[in-house]
Amino acid sequence: MKYLNEEVKNQLSEILSGMKDEVNILVFTKEEPCETCEETRDFLNEFASVSNKLNLEMLDIKTDALKANDYNVTLTPSIVLLDKERNYKRIKFNGIPTGHEINSFISSLMEVSGNTSELPADISERLSKISKPMNIKVFVTLSCPHCPGAVEKAHKLALENNNIEADMIEAQTFYDLSEEYNVSSVPKIVINDKHEFVGNQSFEVFLSEMEKELV
Amino acid sequence: MSLEINLNVSNKNELDMEKVYDILIIGGGPAGLNAALYSKRKGLDVGIISYDLGGQVMDTSSVENYLGFPSISGEGLMKKFIDHVNILNVPYLEYVHVKDIKKSDLIEIHLEDGNTFKSKSIIIATGSKPRKIGIPGELEYSNKGVCYCAICDGPLFADEEVVVAGGGNSAVEAAIDLSKIAKKVTLVHRSNFRADKILVDQLLTLDNVQIKPETQILEVIGDKFMKGLIVKDRLGNREYTIEAAGLFVEIGYLPNSDPFKNILALNSKGEIIVDKYGRTNIDGIFAAGDVTDTPYKQIIMSAGDGAKCALSANEYINTLK
Ligand SMILES: Cc1cc2nc3c(=O)[nH]c(=O)nc-3n(C[C@H](O)[C@H](O)[C@H](O)COP(=O)(O)OP(=O)(O)OC[C@H]3O[C@@H](n4cnc5c(N)ncnc54)[C@H](O)[C@@H]3O)c2cc1C
């Protein structure tokens, strides 16, 4: 194994034993040139071999354009998580989820598998009032220890409210996009291409920014 | 790009609001973790309340001065600490901020989310956060070029020119790390280097690093983004501009003592004043590590402080019985 040594594999297998139902992992890549597409496929092949609840599907953004369209996939590599009934849960990882981002990847897998965490009541209440489409982008680097927390929160919000879609974007792989969004500190969160903040902030901060879109 | 795996393994085990603990520890850095280890081994009922586990060391690329580990990543070392504490099943609560504490018969810890925990004694190990330079443009260009975490934001400055401000070990380490990513790194310091010789020697071998001692940063300039710095050469008494897309501030740290300032005695730097047993001015409240007025902020010192406070707190609890 190239990415996961025995020790990490054992730890992973223990953590993933907490998954409830199966999860479908759709991996969109494309032919060369594509930075980290091959690495992403290799990594996920190793990762998925750790648990029999993980179904891996390798897709090509061009030949599987319809599927890519269904899940709003525009970047490669991009990873979409579907629940056991293949429902799209509006969460994606754009770029390879190694480094620290393996932690947000695991957390989102758990959630989609049905092993869900509970949001505080006041947060749930405010979240249920988000009635307009929201797109949350979370720019990260793989060496950033605070970034997975922000990705987990954005994904959690999307999982709990159908109007919200949340994308992790690895800033080095998608350098041009990061430039476009003026990313010079991570995690950087951008909501509906308009509202932004930096840092692993609380759910309240995410919600306040989204609420600005409601008025 | 970091393709290696940084898996966090933890066995979370929530804290109980109904219960009265022997010791609650605030902070999950080296000081807090070692305090937990020592308290638990004394057979005390202990828990950790912290915003994160690992603390500042998580933001350190490599540690080369912790005895027994000639060279280890900051995160790798903290994983070993956390694993060690986890063997003893110390419960902890993560991602919460302590707002303030109150002392009556017991000590109450109030969190920002409104929850309250109770304990006979507490150990404050909230560490420190990066100090800002306090010059025009710093705030305006914060997250637009001005950064406070080199390992987090360094990868965003590939092939760009950056400046590191500071003269201690963290600054020199940041410059060494950034030299692998950025096109050019300029290390600017107000006076002369305080960093360990072994680090400075390593820095001097790097072709794309330029060092400017006796240089003061006056202002961060730019348009939408930071474009450079106005600096002053203190010896030549001359002002000039350094072009740079990023400024990494590594000029020292400020103690996270705010939640405690109403009841604990602090020194002029805002550090919690402790005696040689780690005791604060209030019975039953102990403090360890970077947040205190002990000199030399290092991992091994903080860890040692944590052990000391646990043993002192144990004695204190015995006097209550
Ligand atoms: C870039 C860098 C490089 C360094 N390199 C080295 C090195 O090579 N060797 C060395 O020995 N030292 C090094 N240091 C110093 C070392 O990291 C510190 O001395 C040490 O981490 C202090 O430990 P601590 O436990 O006191 O505090 P911290 O590590 O700061 O931990 C504080 C903890 O408290 C939590 N916390 C803070 N406020 C609150 C609150 N209100 N509520 C709840 N939780 C809270 C935080 O989340 C954190 O978990 C370096 C520091 C930096 C920043």
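By convention here, each chain's residues receive numbers from 1 onward along its written sequence. Ligands are numbered from 1 and chains lettered from A, in the order in which they are written. Thresholds applied to this predicted model are a pLDDT of at least 70 for local features of residues and 80 or more for the giving and counting of side-chain atom pairs; totals over whole chains, interfaces and linings are not thresholded and use all residues. The side-chain quantities take in all heavy atoms of the structure and omit both hydrogens and water.

**Student:** Would you mind showing me how to read the domain arrangement of chain B here?
**Tutor:** Quite often, the size of an interface is put as the accessible area lost when its parts meet. Residues and elements named next belong to chain B. For chain B, the domain assignment lists domain 1 (20–129 + 253–320) and domain 2 (146–249). Each of domain 1 and domain 2 was reduced to a C-alpha centroid, and the two centroids are 32 Å apart. Pairs of residues are marked as contacts when any of their non-hydrogen atoms sit within 4.5 Å. In this complex, domain 1 contributes six residues to the contact, which on the side of domain 2 involves six residues. Taking both sides of the interface into account, the surface hidden between domain 1 and domain 2 amounts to around 490 Å²; carbon and sulfur atoms contribute 41%. Buried area, as used here, totals the accessible surface that two parts lose on assembly, with accessibility defined by a 1.4 Å probe and the loss added over both. Taken as a group, D59, S61 and Y253 account for 61% of the area that domain 1 buries against domain 2, more than any other trio of residues on that side. N or O atoms within 3.5 Å of each other form a polar contact, as long as, within protein, one can give a hydrogen and the other can take it, and as long as residues adjacent in sequence are counted only when both atoms are side-chain atoms. In this assembly, domain 1 and domain 2 are joined by one residue pair in polar contact (both at pLDDT 80 or more). Here the term charged refers only to Asp, Glu, Lys and Arg, the term nonpolar to Ala, Val, Leu, Ile, Met, Phe, Trp, Tyr, Cys and Pro, and the term polar to all other amino acids, Gly among them. Partitioned by chemical class, the residues of the side of domain 1 that touches domain 2 number two nonpolar, three polar and one charged. In this entry, domain limits derive from an automatic or database-based domain assignment.

**Student:** Please explain the packing of helix α2 (residues 37–48) of chain A against helix α4 (residues 102–113) of chain A as it appears in this structure.
**Tutor:** For any two helices packed against each other, the geometry is given by the interaxial angle and the distance between the axes. Residues and elements named next belong to chain A. Here, axes are lines fitted to C-alpha atoms. For helices the fit covers the stretch in contact, and angles between N-to-C directions go from 0 to 180 degrees. Secondary structure elements follow DSSP: runs of H or I of four or more residues count as helices, runs of E of two or more count as strands, with numbering from the N terminus. Two elements in contact, α2 and α4, have axes separated by 14 Å at closest approach and are oriented at 50 degrees. For the element pair α2 / α4, the angle class is oblique. Our pair here, α2 against α4, has a crossing hand that is right-handed. The residues of α4 that touch α2, namely those facing F43, L44 and F47, are I102, F105, I106 and L109. Looking at side-chain class alone, the contact of α2 with α4 contains seven nonpolar, no polar and no charged residues. Should an angle fall under 35 degrees it is called roughly parallel, over 145 degrees roughly antiparallel, and 65 to 115 degrees roughly perpendicular, with every other angle called oblique. Handedness of a crossing follows from how the near helix is turned relative to the far one, being left-handed for an anticlockwise turn of less than a right angle and right-handed for a clockwise one.

**Student:** Would you take a moment to explain the packing of helix α1 (residues 30–41) of chain B against helix α6 (residues 299–320) of chain B for this structure?
**Tutor:** All names here are of chain B. At a closest axis distance of 7 Å, the pairing of α1 and α6 adopts a crossing angle of 35 degrees. Two packed elements cross with a definite hand, and for α1 against α6 that hand is right-handed. Only I299, S302, A303, G304, G306, A307, A310 and L311 of α6 make contact with α1, whose side of the interface consists of P30, A31, N34, A35, Y38 and S39. In terms of residue class, the contact of α1 with α6 is made up of nine nonpolar, five polar and no charged.

**Student:** Hey, could you run me through a negative patch on the surface in this one?
**Tutor:** On the surface, D122 and E204 of chain A together with E112 and D113 of chain B cluster together into a patch of negative charge. Considering the arrangement of structural elements, one finds E204 of chain A in helix α8 (residues 203–211). Think of it in three bands: residues with accessible area under 20% of the maximum for their type are buried, residues over 50% are exposed, and the middle band is partly exposed, with areas taken using a 1.4 Å probe on protein chains only. In this structure E204 of chain A comes out as partly exposed when scored by relative accessible area, which is 34%. Like-charged residues within 9 Å of one another, or nonpolar side chains (Val, Leu, Ile, Met, Phe, Trp, Tyr) within 5 Å, are grouped into patches, provided each residue has over 30% relative accessible area and no salt bridge. For the area figures, the Shrake-Rupley method with a 1.4 Å probe applies, and any residue is considered shielded solely by the protein chains shown. Within this document, salt bridges are pairs made up of a side-chain nitrogen of Lys or Arg and a carboxyl oxygen of Asp or Glu, the two lying within 4 Å of each other. When charges are counted, neither His nor the chain ends are considered; positive counts come from Lys and Arg and negative counts from Asp and Glu. Every charge is mapped onto a representative atom, which is NZ of Lys, CZ of Arg, CG of Asp or CD of Glu.

**Student:** How should the interface of chain B and chain A be read in this particular structure?
**Tutor:** The interface of chain B with chain A comprises 27 residues on the first partner and 35 residues on the second. Carbon and sulfur atoms supply 59% of the area that chain B and chain A bury against each other, a total of about 2,600 Å² over both sides. The largest contributions to the chain B side of the interface with chain A come from M1, I5 and L7 of chain B, which together make up 26% of the buried area. One can count zero salt bridges joining chain B with chain A.

**Student:** It is not clear to me how the packing of aromatic side chains should be interpreted in this structure. Could you clarify?
**Tutor:** In this description, a pair of aromatic rings is defined by centroid distance and the angle of the planes. Geometry of aromatic contacts follows a simple scheme: Phe, Tyr and Trp rings, the Trp one being its six-membered ring, pair when their centres are within 6.5 Å, and the pair is stacked under 30 degrees between planes, edge-to-face over 60, tilted otherwise. Per the counting criterion, the structure on display carries 11 aromatic pairs over all chains. Considering the side-chain rings of F43 of chain A and F47 of chain A, the 5.8 Å spacing of their centres and the 55 degrees angle between planes classify their relative orientation as tilted. In this pair, F43 of chain A and F47 of chain A are both assigned in helix α2, four residues apart and thus about one turn of the helix distant. In terms of burial, F43 of chain A and F47 of chain A fall into one category: buried. Between F286 of chain B and Y316 of chain B, the aromatic rings sit 6.2 Å apart at their centres with planes inclined by 70 degrees, giving edge-to-face as the arrangement.

**Student:** I'm lost on the domain arrangement of chain A in this one. Help?
**Tutor:** Residue and element names in this part refer to chain A. Assigned domains of chain A: these are domain 1 (6–111) and domain 2 (121–214). Contact with domain 1, which involves 24 residues of that partner, is made by 27 residues of domain 2. In this assembly, domain 1 packs against domain 2 so that about 2,000 Å² is buried in total across both faces, 56% of it on carbon and sulfur atoms. Counting the surface domain 1 buries against domain 2, the share from its top three residues, R90, H100 and E101, is 32%. Between the two partners, domain 1 and domain 2, sit three salt bridges. In this structure, K92 engages D167 in a salt bridge whose closest nitrogen and oxygen atoms are separated by 3.7 Å. The interface formed by domain 1 and domain 2 includes 13 residue pairs in polar contact (both at pLDDT 80 or more). Secondary-structure elements contributing two or more residues to the side of domain 1 that touches domain 2 are β4 (88–94) and α4. Broken down by element, the residue count for the side of domain 1 that touches domain 2 peaks at seven residues, all from β4. Partitioned by chemical class, the residues of the side of domain 1 that touches domain 2 number six nonpolar, 12 polar and six charged.

**Student:** Please clarify how α8 of chain A should be interpreted in this entry.
**Tutor:** In an α-helix, one turn spans 3.6 residues; hence positions three or four apart end up facing the same way. Residue and element names in this part refer to chain A. Those residues of α8 that sit buried are F203, F206, L207, E209 and M210. End-on view of α8: buried residues confined to an arc of 160 degrees, all on one side of the axis. Turning to α8, the residues buried within the fold contact α5 (121–128), β5 (134–140), α6 (147–160), β6 (164–170), β7 (188–191) and β8 (195–198). Note that the arc is computed from the directions linking the helix axis to the C-beta atoms.

**Student:** Any chance you could explain the site of the ligand here in plain terms?
**Tutor:** Residues and elements named next belong to chain B. We call a residue near a molecule or strand when any one of its heavy atoms sits within 4 Å of it. Taken together, 32 residues form the shell around the ligand, and within it D52, Q56, N65, Y253 and I299 come nearest. Residue G28 places a main-chain N or O atom 3.2 Å away from an oxygen atom belonging to the ligand. In this structure, S302 approaches the ligand through a side-chain N or O atom, which is 3.3 Å from an oxygen atom. When the ligand sits alone it has 1,000 Å² of accessible area, and the protein chains cover 92% of it. For the shell around the ligand, the secondary structure elements donating two or more residues are β1 (20–28), α1, β2 (46–53), α4 (169–179) and α6. A total of three residues in the shell around the ligand trace back to one element, the largest contributor, which is β2.

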